[in-house]
Amino acid sequence: MDEHDKRRLGEQVEPGGRPKAPGRLELLQRFINSHNHDLPREWDRLGTPERAQAWLRQKRLVAPGERISDVDVARLRELREAMRALAVANQDGQSGAAATDVIRSLSAGAQLSVAIDDTGRTALEPAGRGVDRAVATLLGILHEAQLTGHWSRLKGCRQCGYAFFDRSKNRSAAWCAMSICGNRTKNRAYYRRRRASTR
Ligand SMILES: [Zn+2]
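Residues numbered from 1 in each chain as written. Predicted model: local features only at pLDDT ≥ 70, side-chain atom pairs only at ≥ 80, totals over all residues. Heavy atoms only, no water.

### Here's the deal with the overall build of the chain
No. 1: For the chain, the helix and strand inventory stands at seven helices and four strands.
No. 2: Along its sequence from the N terminus, the chain presents helices and strands in the succession α-α-α-α-α-β-β-α-β-β-α.
No. 3: For the chain, the spread of C-alpha atoms along the principal axes amounts to about 70 × 35 × 30 Å.
No. 4: By the burial criterion, 43% of the 199 residues in the chain qualify as buried.
No. 5: Sequence separation of at least 24 residues holds for 54% of the intrachain contacts in the chain that already meet a minimum separation of 6. (Helix = DSSP H or I, 4+ residues; strand = E, 2+ residues; numbered from the N terminus. Buried < 20%, exposed > 50% of the residue type's maximum accessible area, 1.4 Å probe, protein only. Contact = heavy atoms within 4.5 Å.)

### Side note on unusual backbone geometry
No. 1: Even without a glycine there, the phi angle at Arg-60 is positive, about 60°.
No. 2: If you trace the backbone, Arg-60 turns up in the loop between helix H3 (49-58) and helix H4 (70-92).
No. 3: At Arg-171, a residue that is not glycine, the phi angle is positive and equals roughly 50°.
No. 4: Structurally, Arg-171 can be placed in the loop between strand E4 (163-165) and helix H7 (178-198).
No. 5: When its relative accessible area of 39% is taken as the criterion, Arg-171 is described as partly exposed.

### Brief notes about the environment of Glu-14
No. 1: Among the structural elements, Glu-14 can be located in the loop between helix H1 (3-7) and helix H2 (25-32).
No. 2: Taking the C-alpha atoms as reference, Glu-14 lies 9.9 Å from Asn-33; in sequence the two are 19 residues apart.
No. 3: Setting aside anything within four residues of it in sequence, one finds Glu-14 in contact with Leu-9, Lys-20, Gln-29 and Tyr-162.
No. 4: Side-chain polar atoms of Glu-14 contact the side chain of Tyr-162, separated by 2.9 Å. (Polar contact = N/O pair within 3.5 Å; in protein donor to acceptor, adjacent residues only side chain to side chain.)

### Focus on the coordination of the zinc ion
Metal coordination angles in their ideal form are 109.5 degrees for the four-donor tetrahedron and 90 or 180 degrees for the six-donor octahedron.
No. 1: The coordination sphere of the zinc ion, as far as protein atoms go, consists of Cys-157 (SG), Cys-160 (SG), Cys-176 (SG) and Cys-181 (SG), spread over 2.3 to 2.4 Å.
No. 2: Considering all four donor atoms around the zinc ion, the spread of angles at the metal, 104 to 115°, places the coordination shape in the tetrahedral class.
No. 3: Coordination of the zinc ion draws on donor residues from a single chain, spaced C-x2-C-x15-C-x4-C in sequence. Note that Cys-160 is positioned in the loop between strand E3 (154-156) and E4 and Cys-176 in the loop between E4 and H7, a separation of 16 residues in sequence. This pair shows no difference in class: Cys-160 is buried, exactly as Cys-176 is. (Donors = N, O, S within 2.8 Å, 3.2 Å for Na, K, Ca; no water. Tetrahedral: all angles 85-135°; square planar, octahedral: opposite > 155°, others 65-115°.)

As structure tokens, then:
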């Protein structure tokens, strides 16, 4: 993958050409993939208040003119890494207990209500303003995806933490793309074994 494609990862490009998560879960997937530790820090789409504001505006997670502070950015990144930890837990089956503590404290200011339209159809509607509203929207998506069963297919890559949607029948995918992280992990294991055997 060249740098041009790498910069578009998480938005226009998916590793291995995977389809994005279905429905509203795609937005939560993009949120988690606004950065990962494999990419330069300055590429973080939530790296500064200005960048975070532009990203949240583009996704309609905040209203025009709503300002994002340094504290807001820190909260968003905390939420992102906690969501990533839950996605990694979907992949490796380990506990996401530390992440749930973080989400629990961040969700304190996030309010959702159940809206109903004239046909009787219900939807979770975020209340509040600014980042509180954005956090509420993202938590609502997490909740919905757990009800539909899609959440368990959103997994954090074993190597880079990228959140990918696993459509495989046996739900066994562990890497964002075998050609990127799967091979990297295998090569490392190979060299480790080789080093060990020549000692
Ligand atoms: Zn990966």
